[in-house]
Amino acid sequence: MASKDQADPQQVVKQETASQRRVTVRTLQQRKDAKEKISMLTAYDCMTAIWLDRAGVDCILVGDSLGMVFQGKPTTVSVTVNQMIYHGRIVASAVQHSMVIVDLPFPIGQLGIRNTVRVAAKILKRTGCSAVKMEGGAAQADSIAALVDAGIPTMAHIGLRPQSVHAMGGFRVQRDREQLLQDAIAAQEAGAFAVLIECVPAKLASSITRDLRVPTIGIGAGKGCDGQVLVTQDMLGFGEKSIGKFVRGYANMYSIANDAIKSYCSDVVSGKFPSDAESFE
Ligand code: KIV
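Rules used in this analysis
- The residue numbers shown here count from 1 along each chain, following its written sequence.
- Local features in this predicted model are restricted to residues whose pLDDT is 70 or higher, and side-chain atom pairs enter the listing and the counts only when it is 80 or higher, whereas totals over whole chains, interfaces and linings include all residues.
- The side-chain quantities take in all heavy atoms of the structure and omit both hydrogens and water.
- A helix here means a DSSP run of H or I that spans at least four residues, while a strand means a run of E at least two residues long, and both kinds are numbered starting from the N terminus.
- Only protein chains enter the accessibility calculation, which uses a 1.4 Å probe. A residue is then buried if its area is under 20% of the maximum for its type, exposed if over 50%, and partly exposed in between.
- Using a 1.4 Å probe, the Shrake-Rupley method yields the accessible areas, and only the shown protein chains count as cover for residues.
- Only four residue types enter the charge count: Lys and Arg as positive, Asp and Glu as negative, with His and the chain ends excluded.
- To locate a charge, take atom NZ for lysine, CZ for arginine, CG for aspartate or CD for glutamate.
- At least two bridges found by DSSP between two strands is the condition for calling them paired.
- Handedness of a crossover is defined as follows: orient the strands so they point away from the viewer, and if the path from the first strand over the helix to the second runs clockwise, the crossover is right-handed.
- Multiply 1.5 Å by the residue count of a helix minus one, and that product is the helix's expected span.
- A single heavy atom is enough: if one lies within 4 Å of a molecule or strand, its residue is considered near that molecule or strand.
- The term polar contact refers here to a pair of N or O atoms within 3.5 Å; inside protein, the definition further demands a hydrogen-donor-capable atom paired with an acceptor-capable atom, and it admits residues adjacent in sequence only when both atoms are side-chain atoms.
- The patch calculation keeps residues exceeding 30% relative accessible area without a salt bridge and links them within 9 Å when they carry like charges or within 5 Å when they are nonpolar (Val, Leu, Ile, Met, Phe, Trp, Tyr).
- What counts as a salt bridge is simple: a side-chain nitrogen of Lys or Arg found within 4 Å of a carboxyl oxygen of Asp or Glu.
- Throughout, a residue-residue contact means that at least one pair of heavy atoms, one from each residue, lies within 4.5 Å.

Student: Would you mind going over the overall build of the protein chain with me for this structure?
Tutor: A count of helices and strands for the protein chain gives twelve helices and eight strands. When its C-alpha atoms are laid out on the principal axes, the protein chain stretches across 70 × 60 × 35 Å. Burial status across the protein chain gives 45% buried among its 281 residues. Here the protein chain has roughly 15,400 Å² of accessible surface; of this, 55% comes from carbon and sulfur atoms. When the 31 positive and 27 negative side-chain charges of the protein chain are each reduced to one mean point, those points stand 4 Å apart.

Okay, structure coming up:
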């Protein structure tokens, strides 16, 4: 066994192998350069984080979509910093391989550079996540630059920005080519390691992707982006109703759970559950 002062060579190798397997900002850039796609899904809890991580998803987003998906609110606007810290910490501590990115909730990106850096640093310190995502492009370029200067890897989020849903007049496809290009380039030049593009026509998102050196991650933005993200509960079909045109339902968890819960209730009512084998002597 190595003494306290000596590094155990086996341990060092183990740690190196683990950190090599970890997805980082470098991995994502290498993927773009090699024209290999990037996968990203959301998680707010430990079990989902383990599913995604062990299945090999590249990035896990602790999105402020938790306001709608987890809390059942109509928008993401009410989500707080403490809620992001709570969920971010749970997810980060369950993950071994994926890169965990946490959302800056409304209106942190608009509170001035010092406040944005202060809150983002607090979120990273308390959660153990390795990057933040901030809604905004050209108008938030100074804040993105300050975050990056402070050593906080930042993903920009352009196109449909759910935190601005009231100003945007609803959850709608964004088509302002000039604005979107300007946002994407400004975010990249400010040092964003990636740009998430939400609900933008496929051709426009492809052309932004070609113009950028850094990876783009699309949601409702067609197949030309460097990567794709979906809300996990949407793609697994947790909800009673299907969601948007851009969501592919890879499972129907609602109906699986509904069947299982009905069977349980009927077994309880009929006395079939628990059996002797499920009971203690
Ligand atoms: O909050 C979120 O989950 C998002 C989506 C783009 C996936 O930002």
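The structure having been displayed, the exposition proceeds.
Student: What should I look at first to understand the pairing of strand 5 (residues 154-159) in this one?
Tutor: On any regular strand, side chains alternate: one points to one face of the sheet, the next to the other face. Across the six residues that make up strand 5, a large majority, six, are buried. Of the two faces of strand 5, both are covered, the one formed by T154, A156 and I158 as well as the one formed by M155, H157 and G159. In this sheet, strand 5 lies alongside strand 4 (residues 131-135) in parallel orientation, the contact comprising four bridges. Note on strand 5: the bridge partner recorded for E135 is H157. The β-α-β motif built from strand 4, the intervening helix 7 (residues 141-149) and the parallel element strand 5 has right-handed crossover chirality. Direction of pairing for strand 5 relative to strand 6 (residues 194-198): parallel, over a ladder of five bridges. Its bridge partner being in strand 6, M155 is matched across the sheet by A194.

Student: Before we go on, may I ask you to explain helix 12 (residues 253-270) in this structure?
Tutor: Between its first and last C-alpha atoms helix 12 spans 25 Å; for 18 residues at 1.5 Å apiece the expected length is 26 Å, and the two agree. Positive phi appears at G271, one or two residues downstream of helix 12, with a value of about 85°.

Student: Looking at this structure, I do not really get the site of the ligand. What am I missing?
Tutor: Around the ligand, the neighbouring residues are T42, L61, G63, D64, S65, D103, K133, H157, L196, E198, I219 and V229. Note that an oxygen atom of the ligand is positioned 3.2 Å from one of the side-chain N or O atoms of D64. In the model, an oxygen atom of the ligand is placed 2.9 Å from a nitrogen or oxygen of the K133 side chain. Relative to its free-state accessible area of 260 Å², the ligand is covered by the protein chains to the extent of 96%.

Student: Can you help me understand a nonpolar patch on the surface in this one?
Tutor: Residues M68, V69, F70 and F171 make up a contiguous nonpolar surface patch of roughly 350 Å² in combined accessible area. Within the secondary structure, F171 is located in the loop between helix 8 (165-168) and helix 9 (177-190). Residue F171 is classed as partly exposed on the basis of its relative accessible area, which comes to 44%.

Student: Is there a simple way to think about the environment of D45 in this case?
Tutor: Turning to its location among the elements, D45 is positioned in the loop between strand 1 (38-42) and helix 3 (46-55). Separated by 47 residues in the primary sequence, D45 and A92 place their C-alpha atoms 9.5 Å from one another. In this view, D45 contacts I90 and V91; residues no more than four positions away in its chain are not counted. Polar contacts involving the side chain of D45 include one to the side chain of T48, which spans 2.6 Å.

Student: Can you walk me through the environment of G220 in this structure?
Tutor: Among the secondary structure elements, G220 is positioned in the loop between strand 7 (216-219) and strand 8 (227-230). Between the C-alpha atoms of G220 and V117, which are 103 residues apart in sequence, the distance is 29 Å. Among all residues touching G220, those that are not within four sequence positions of it are C199, V200 and F246.

Student: Looking at this structure, how should I read the environment of V195?
Tutor: By the secondary structure assignment, V195 is in strand 6. For V195, a relative accessible area of 0% gives the class buried. Taking the C-alpha atoms as reference points, V195 and R177, 18 residues apart in sequence, are found 15 Å from one another. Look past the residues within four positions of V195 in its chain and what remains in contact with it is A156, I158, A184, A187, L212, V214, P215, T216 and I217.

Student: Just checking my understanding: could you explain the pairing of strand 7 for this structure?
Tutor: Side chains T216 and G218 project from strand 7 onto one buried face, and the interleaved I217 and I219 project onto a second face that is buried too. Where strand 6 meets strand 7, four bridges bridge the pair, whose relative direction is parallel. Bridge pairing in strand 7 places L196 opposite I217. Between the parallel elements strand 6 and strand 7, the chain passes through helix 10 (residues 202-211) in a crossover that is right-handed. The sheet contact formed by strand 7 and strand 8 spans two bridges and is parallel. Residue pairing across strands places I217 opposite G227, the latter belonging to strand 8.

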